[in-house]
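# Observations on the three-dimensional arrangement
What follows is each chain in one-letter form.
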Amino acid sequence: MDTMQEDKIQTVEGESLNSMELEGGLLLTLLEGVSTHAGKDKSLPTLNAVEVEGEGGLFIARATDRYRLIEGQAQARSMEGDLDKALLSLDDIKRIITLVKEHKANLVSLIRIGNTLTISSLGDSLTVTLLAGTFPPTEDLFVKGEGEPVPIASVAFNPAFFTDYAKIAGKGAAIKVYFTGEGKPMRVRITSDTINWRALLMPMRYTD
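Please read these numbers as outputs of a predicted model, since none were measured by experiment.

Here is what the cut-offs are and how they apply
- Residues numbered from 1 in each chain as written.
- Predicted model: local features only at pLDDT ≥ 70, side-chain atom pairs only at ≥ 80, totals over all residues.
- Heavy atoms only, no water.
- Pairing = 2+ DSSP bridges.
- Helix = DSSP H or I, 4+ residues; strand = E, 2+ residues; numbered from the N terminus.
- Axes fitted to C-alpha atoms, helices over the stretch in contact; angles between N-to-C directions.
- Contact = heavy atoms within 4.5 Å.
- Buried < 20%, exposed > 50% of the residue type's maximum accessible area, 1.4 Å probe, protein only.
- Arc of directions from axis to C-beta.

A few words now on the sheet that holds strand 3 (residues 49-55). Taking strand neighbours across the sheet as the criterion, the seven strands line up as 6-3-4-5-12-11-10 in an open arrangement whose pairing is antiparallel. This sheet does not close on itself; its edge strands, each paired only once, are strand 6 (83-89) and strand 10 (175-178). The average angle at which neighbouring strand axes cross in this sheet is 15 degrees, direction not considered. In this sheet, strand 5 (residues 68-75) lies alongside strand 4 (residues 58-64) in antiparallel orientation, the contact comprising seven bridges. Bridging from a neighbouring strand, Ala63 pairs with Ile70 of strand 5. Taken strand by strand, helix 1 (residues 24-35) contacts strand 3, strand 4, strand 5 and strand 12 (195-201), and its axis lies near 170 degrees from that of strand 5.

Here it is as structure tokens:
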């Protein structure tokens, strides 16, 4: 592997450069799952997007459409990999997914230089420009969602969203839902042997 591919922060022509390397199949599963929760309204670019970052050998991706929130963490090839937070448009995520589908059995490199991110594997590459906006803060929502479950009389939610959860979990896998209070987000537990998922789903207003 040449210097450009090393899993450590470097400098190229004065720009900060950081990189990570993941198994293609793992990256594909993570991006396909997270992208289901990105907003579809292009007039809200920070929601019509996926945020990615890497630290301590973990590659993390998250997305929200204001009604639900998801984050996935996957182990990178090297524990030394780091990637500064980067906000990618949903259109660019779809382009990345298309490339990665061709390299599911290979290692895929992600290299950030300034406001660009290059994804490459075995000579195929794609460079995208990062969005300038800021992704909504989410950690506090996840922390509050980890509260003790409480009994509630009833809850309404959009059943179509559970189609996405089923696809992420995979055929025959269980999904567990925890209720933390009336009108509060439901915590959705998605099991996986390779990705650590965290997900929240907002209840809907419903009148009998």
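Of all five residues making up strand 11 (residues 186-190), four are buried, and the element is well covered by its neighbours. Bridging between strand 10 and strand 11 involves four bridges; their strand directions are antiparallel. Bridge pairing in strand 11 places Ile175 opposite Ile190. Bridge count for strand 11 against strand 12 is three bridges, and the pairing is antiparallel. Bridging across to strand 12, Arg187 finds its partner in Leu200. Taken together, strand 11 and the strand that follows it, strand 12, pair antiparallel across an intervening segment of four residues.

A separate point is helix 4 (residues 161-169). All buried positions along helix 4 are accounted for by Phe161, Asp164, Tyr165, Ile168 and Ala169. Seen from one end, helix 4 has its buried residues packed into an arc of 130 degrees, which puts them on one side. Next to the buried residues of helix 4 lie helix 1, strand 5, strand 10, strand 11 and strand 12. Backbone geometry just after helix 4 places Gly170 at a positive phi near 100 degrees.

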